[in-house]
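# Summary of structural features
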Amino acid sequence: MTDLHRPDPINALDPIHLFDKPLAEDFTDADLEVKKPMDYAVGIEAVEKAMLPMAEHLGVEKTAKLSLTVNHKKGFDCPSCAWANPDHSKTLEFCENGIKNIVWDATPVVIEDAFWAENSLTSMLDKSEYWLGLQGRITKPMYKAADSDHYVPISWSDALDKVAEKLRGLDSPDEAVFYTSGRIMNEPAFLLQLFARALGTNNLPDCSNMCHEATGSGMTPAIGIGKSSVHYDDFAWADLVIVMGQNPGTNHPRMLNALEDTKTRGGRIVAVNTLPEASLKRYKNPQKVSGELGTGEQMADQFVQIKIGGDQHLLQAVAKRLFEAEEKAPGTVLDHDFIRTYCNGFDAYREHIMAVDESGVLAATGLTSAEIDELAQRYIDSNATIITWALGITQHKKAVATIAEIMNLLLLRGNIGKKGAGASPIRGHSNVQGDRTMGIWEKISPAFAAAMSRQFAFEVPTEPGLDSVDAMNAMEDGKVKVFMSMAGNLIAAMSDSGRSEAGVREVDLTIQVATKLNRSHVVTGKESLLLPATVRAERDVTSFGLQFLTSEDTVCRINMSHGELKPVSDDVRSDVWILCELGKRLFSESHPGIPWAAFQEDYDAIRDAIAHVVPGFEDFNARVKKDLTFVLPHPPRDSRTFPTPSGRAEFTIQDVEHVQTPEGRLMMQSMRAHDQHNTTMYSLSDRYRGIHKGRFVLFIHPDDLAARGLADGDTVDIFSEWPGEPDRVLRGYRAVSYPTVKGCVAAYFPEANALVPRGSVADICNTPTSKQIVVRVEKGELAATGGRPVTI
Ligand SMILES: Nc1nc2c(c(=O)[nH]1)N[C@H]1C(S)=C(S)[C@@H](COP(=O)(O)OP(=O)(O)OC[C@H]3O[C@@H](n4cnc5c(=O)[nH]c(N)nc54)[C@H](O)[C@@H]3O)O[C@H]1N2
Ligand SMILES: Nc1nc2c(c(=O)[nH]1)N[C@H]1C(S)=C(S)[C@@H](COP(=O)(O)OP(=O)(O)OC[C@H]3O[C@@H](n4cnc5c(=O)[nH]c(N)nc54)[C@H](O)[C@@H]3O)O[C@H]1N2
Ligand SMILES: [Mo]
């Protein structure tokens, strides 16, 4: 039995019903205010902003307890981002956006029964994600019949029987698709992939397909593993950190502490970004008096403001400067020992890079040669460099090649497996990396399949399944009969919203395991089930007592996590419970080697199975219970061993492609506002960029406005063009004159998905090019009001 010696759970407050309250003024864009963007991030204001709503919702006692347990070794894992915990947590190891996420999840606001009768699915079609989420937690299983426009309550056993019956009746297991978002923890993720594979399919798309897929595809050929090669402490020891295509102040706020550590030891920071993000300028650490009261820490020593999609050219240009400097002063620039001892492919790579044409680089990046010289010199001067990156690198046509180029550059100076150095992709969802480690992937490696077959005594399918883009395409073609989603909001997160919404309606049964309402619950298959799940802050108690779960952060650390709150209702269930109930219904007889009943009651049993199947998890239970955390092995980081086919690190040759913006068009990126977590909105504001109470804005350079005869504040329509297809359009956006790169505009995700053509995907990894969309901007007539932008 697992005994965690927990204190009494924090009792839930009485449920609050928002239904019937006049909230409408919160949901329109009519109040949009545009102010000057901020030039620093965090500061005391952020903590106030985080704590006040929390205290209001949860009461002072709960707020204090939650704040003190989140991201601590004895607490629960913050559900927001995948940023790592330091080895010695500060007293308050959370950030504004983590707190907003926890409050949003752990709110006592619940959807009451009358809501479902009052609101048809059709009536909710023009509601925003913000409105949907604000209705509160889903507290009981709900069912929508094929001929109905309403959800009605259903018992858990009837709901799960329906799923089981539908899955049993499929002509082929490949007619079922199991999507997951990185919200779910390791143990349920392991069970989900086991369930799908027991059924006989590898149709396991996940949010990674739209997120950091390019990272794995770009890193693995180079060093044999697709995960960060740094430890948390390496940030403190780095001479230089290059932050590429990332907005840490909003999306990984606690990373600013690590970057501050870099600066404290005298290290330098370079930011490569299309937008001058506030957190890349200054950071006011709210946990330091100097941060609260003073001007804060300067972050980027050099800001490289690059055109969308120019990063691969930049990386090649820096590499070329290294080779040129090495020619002038042999033996002083490249790490010849490292290259000779550990690498393959150096000569061919050098030859390829020496042919790089500077004018092509300048055209693709929009930079000057002097700016690139400065960056190259900083890299040469640094004995230990970390390159971090996120979606500003991964959601472009040449994303995989760009990441391969990051690896090439690091290898040139031996920046792998060295203190203070490494490749550090900064992952998104709090457990998205863990889900992949647990086998959530539409492809399955032969070693993983063999280990699963050995452990559970069935033949594991090895044919690749559908990723997220292919799954949505298969829905349109009528090939998907059952779509089950453990967390997430695929219909809103996927490119080409119009097609996504039409496609999912072709599915016979959609099943959403969720906490709060979102677009994928409103735009559904013919029949639809909504199954309410517990959140991470809530306790998970079985007949074996209080259970814990684990997650993996962006630097490969496994953390124990268990909630403190009493679940919001008696009718919400853990992800593990739901999967085991389904497993028992479907596989008790056919797959006697899978102990669903034991897994359901005792999560140690799941971890024992993981220990047998997943490398690096040997003795899982004992290790995580001893220190509450451990770091997974990473051969390049730990011992400069490279699990590539050759056993060596590989320089790779990447063709560059400058994705041109046609005459009169602009290149658009779609990104996150400060008050959202992906498709969840905490408010309609984005205060670092000066946007308040509205989201339908287009950030555009003043020259691009002028060239179109437009002015700041004008209403514009945004058209996206794709060969052979009619234009997609978002109407009624407000043009915001903004210091973005000329020719590059920006709008918020997920609304912008209406513009991303489904066919526009990254080479090799099939990720939608959410940050590289050719658009045409014209003066519009109709102002967007209400919950959703006007798309036709
Ligand atoms: N609070 C909060 N935290 C989150 C999330 C959230 O929504 N809210 N989402 C989580 C998830 S799933 C993820 S994946 C991460 C996302 O974390 P980020 O990657 O930081 O997310 P985005 O907001 O998409 O910002 C991308 C950045 O890339 C820049 N950029 C765009 N195109 C280019 C380019 O071509 N080159 C360069 N160099 N830069 C470019 C943009 O200007 C922007 O600053 O955050 C995670 N954490
Ligand atoms: N245009 C454009 N599109 C993008 C992106 C972009 O930058 N631009 N970013 C992409 C990226 S990086 C990602 S990761 C995807 C995100 O895609 P998803 O991961 O699919 O979307 P989320 O908005 O994170 O999912 C939120 C939903 O998960 C459910 N949920 C939350 N917590 C829990 C929980 O604890 N348990 C359960 N069972 N359910 C829970 C809630 O119902 C909530 O509404 O979007 C991608 N799409
Ligand atoms: Mo993500």
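Residues numbered from 1 in each chain as written. Chains lettered and ligands numbered in written order. Predicted model: local features only at pLDDT ≥ 70, side-chain atom pairs only at ≥ 80, totals over all residues. Heavy atoms only, no water.

In the nomenclature of an unreviewed UniProt entry, the protein chain corresponds to FdhF/YdeP family oxidoreductase from the organism Microbacterium aoyamense. Regarding the protein chain, the relevant UniProt record gives this comment under Sequence similarities (unreviewed entry): "Belongs to the prokaryotic molybdopterin-containing oxidoreductase family." (UniProt positions renumbered as here; feature names shortened; annotations may be inferred.)

Attention shifts here to the pattern of salt bridges. Applying the stated criterion to the full structure yields 45 salt bridges. Between lysine 263 and aspartate 301 there is a salt bridge, with its nearest N and O atoms 3.0 Å apart. Here lysine 263 is found in helix α11 (residues 255-264), whereas its partner aspartate 301 is found in the loop between β9 (297-298) and β10 (302-305), with 38 residues between them in sequence. What you see here is one network of salt bridges that share partners, running through Glu476, Asp496, Arg499, Glu725 and Arg728. (Salt bridge = Lys/Arg side-chain N within 4 Å of Asp/Glu carboxyl O. Helix = DSSP H or I, 4+ residues; strand = E, 2+ residues; numbered from the N terminus.)

Once that is clear, we can look at the sheet that holds β9. Ordered in space as β2-β8-β9, the 3 strands form an open sheet in which the pairing is mixed. Each having just a single partner strand, β2 (41-42) and β9 make up the two edges of the open sheet. For strand β8 (residues 282-284) and β9, the ladder comprises 2 bridges, and the chain directions are antiparallel. In the sheet register, tyrosine 283 faces β9, and the bridge partner there is glutamate 297. (Pairing = 2+ DSSP bridges.)

Around ligand 1 sit 31 residues, and of these Asn273, Glu277, Asp311, Gln676 and Asn678 come closest. At a separation of 2.8 Å, an oxygen atom of ligand 1 approaches a polar backbone atom of glycine 309. At a separation of 2.7 Å, a nitrogen atom of ligand 1 approaches a polar side-chain atom of aspartate 311. When isolated, ligand 1 has an accessible area of 920 Å², and the protein chains bury 99% of it. Listing elements by their share of the shell around ligand 1, those giving two or more residues are α10 (248-251), β7 (268-273), α18 (391-394), β23 (666-671) and β24 (676-677). Per-class residue counts for the shell around ligand 1 are 9 nonpolar, 18 polar and 4 charged. (Near = heavy atom within 4 Å. Polar contact = N/O pair within 3.5 Å; in protein donor to acceptor, adjacent residues only side chain to side chain. Areas by Shrake-Rupley, 256 points an atom, 1.4 Å probe, with all protein chains shown as cover. Nonpolar A, V, L, I, M, F, W, Y, C, P; charged D, E, K, R; others polar.)

Okay, the site of ligand 2 next. Taken together, 32 residues are adjacent to ligand 2, and Tyr179, Ala493, Asn518, Thr679 and Asn753 come closest. Contact distances for ligand 2 include 2.6 Å between an oxygen atom and a side-chain N or O atom of tyrosine 179. At a separation of 3.2 Å, an oxygen atom of ligand 2 approaches a polar side-chain atom of glutamine 395. A breakdown of the residues in the shell around ligand 2 according to their chemical character gives 12 nonpolar, 15 polar and 5 charged. In this structure, the shell around ligand 2 is formed jointly by two domains, domain 1 (113-199 + 442-627) and domain 3 (666-791), each of which donates at least three residues. (Domains from an automatic or database assignment.)

What follows covers the environment of lysine 443. The residue lysine 443 is located in the loop between α20 (432-437) and α21 (446-456) in this model. When the C-alpha atoms of lysine 443 and leucine 204 are compared, they prove to be 8.3 Å apart, with 239 residues separating the residues in sequence. Side chain to side chain, lysine 443 and glutamate 442 meet in a polar contact 3.4 Å long.

Time to look at the pairing of strand β15 (residues 509-514). Counting buried positions along β15 yields 6 of 6 residues, so the element is predominantly enclosed. Judged by which residues are buried, β15 turns out to be covered on both faces: Leu509, Ile511 and Val513 on one side and Thr510, Gln512 and Ala514 on the other are all buried. As defined by bridge partners, strand β14 (residues 482-486) adjoins β15 across 5 bridges and the pair is classed as parallel. In the sheet register, phenylalanine 483 faces β15, and the bridge partner there is threonine 510. (Buried < 20%, exposed > 50% of the residue type's maximum accessible area, 1.4 Å probe, protein only.)

With that settled, consider the nonpolar core. Generally speaking, soluble globular proteins have nonpolar side chains that are buried together. One finds Leu167, Phe178, Phe190, Leu191, Phe456 and Phe599 to be the most contacted residues of the largest nonpolar core, which totals 72 residues. Here the element with the most residues in this core is helix α7 (residues 186-199); it accounts for 9 residues. (Core = buried A, V, L, I, M, F, W, Y, C linked by side-chain atoms within 4.5 Å.)

What follows covers the sheet that holds strand β20 (residues 557-561). In space, the 3 strands of this open sheet follow the order β19-β20-β21, with antiparallel pairing throughout. On the outer flanks of this sheet lie β19 (549-552) and β21 (629-631), each paired with one strand and no other. Averaged over all neighbouring strand pairs, the angle between strand axes comes to 20°, with direction disregarded. Bridging between β20 and β21 involves 3 bridges; their strand directions are antiparallel. Along β21, the bridge assignment pairs asparagine 559 with threonine 629. (Axes fitted to C-alpha atoms, helices over the stretch in contact; angles between N-to-C directions.)

This part covers the packing of aromatic side chains. Tallying each qualifying case throughout the model produces 27 aromatic pairs. Where phenylalanine 195 meets phenylalanine 587, the ring centres are 5.3 Å apart and the plane angle is 65°; that geometry is what we call edge-to-face. With a gap of 392 residues between them, phenylalanine 195 in helix α7 and phenylalanine 587 in helix α26 (residues 575-587) connect regions that are remote in the sequence. Classification of phenylalanine 195 by relative accessible area gives buried; the value is 0%. Each residue in the set Phe178, Phe190, Phe195, Phe456, Phe587, Trp596 and Phe599 is aromatic and connected to the rest through ring pairs, giving one cluster. (Phe/Tyr/Trp six-rings, centres within 6.5 Å; stacked < 30°, edge-to-face > 60°.)

A separate point is the packing of α7 against helix α28 (residues 603-613). At a minimum axis distance of 10 Å, the contact between α7 and α28 shows a crossing angle of 65°. It follows from the interaxial angle that α7 and α28 lie roughly perpendicular. Crossing angle aside, the handedness with which α7 passes α28 is left-handed. Along the contact surface, α7 presents Asn186, Glu187, Phe190 and Leu191, while α28 presents Ile606, Arg607, Ala609, Ile610 and Val613. (Parallel < 35°, antiparallel > 145°, perpendicular 65-115°, else oblique. Left-handed = near helix turned anticlockwise from the far one by under 90°. Contact = heavy atoms within 4.5 Å.)

For the peptide bond that leads from phenylalanine 749 to proline 750, omega is 5°, which places it in the cis range. With respect to the element layout, proline 750 can be found in the loop between β30 (744-748) and β31 (773-779). Unlike most non-glycine residues, cysteine 556 shows phi in positive territory, near 65°. For cysteine 556, the position within the fold is in the loop between β19 and β20. Cysteine 556 gets classed as buried once you look at its relative accessible area, which sits at 1%.

By secondary structure assignment, the location of alanine 159 is in helix α6 (residues 156-168). What makes alanine 159 buried here is its relative accessible area of 0%. For alanine 159, the contacting residues outside a window of four places in its chain are Ile154, Leu529 and Leu531.

Right, let's talk about the side chain of histidine 701 for a bit. Here histidine 701 lies in the loop between β27 (697-700) and α31 (702-707). Overall, the relative accessible area of 17% leaves histidine 701 in the buried class.

This part takes up α6. Given a rise of 1.5 Å per residue, 13 residues ought to cover 18 Å, and the 18 Å separating the end C-alpha atoms of α6 matches this to within 8%. Of the positions making up α6, those classed as buried are Trp156, Ala159, Leu160, Val163, Ala164 and Leu167. The buried residues of α6 all sit within an arc of 130° when viewed along its axis, so they share a single face. With respect to the buried face of α6, the exposed residues turned more than 90 degrees away are Glu165 and Arg168. (Expected span 1.5 Å × (residues − 1). Arc of directions from axis to C-beta.)

Once that is clear, we can look at the packing of helix α22 (residues 468-476) against helix α24 (residues 497-504). Where α22 meets α24, the axes come as close as 7 Å, and the angle between the chain directions of the two elements is 55°. As the angle between them shows, α22 and α24 are arranged oblique. The two elements α22 and α24 meet at a crossing, and its hand is left-handed. The residues of α24 that touch α22, namely those facing Met472, Asn473, Met475 and Glu476, are Arg499, Ser500, Gly503 and Val504.

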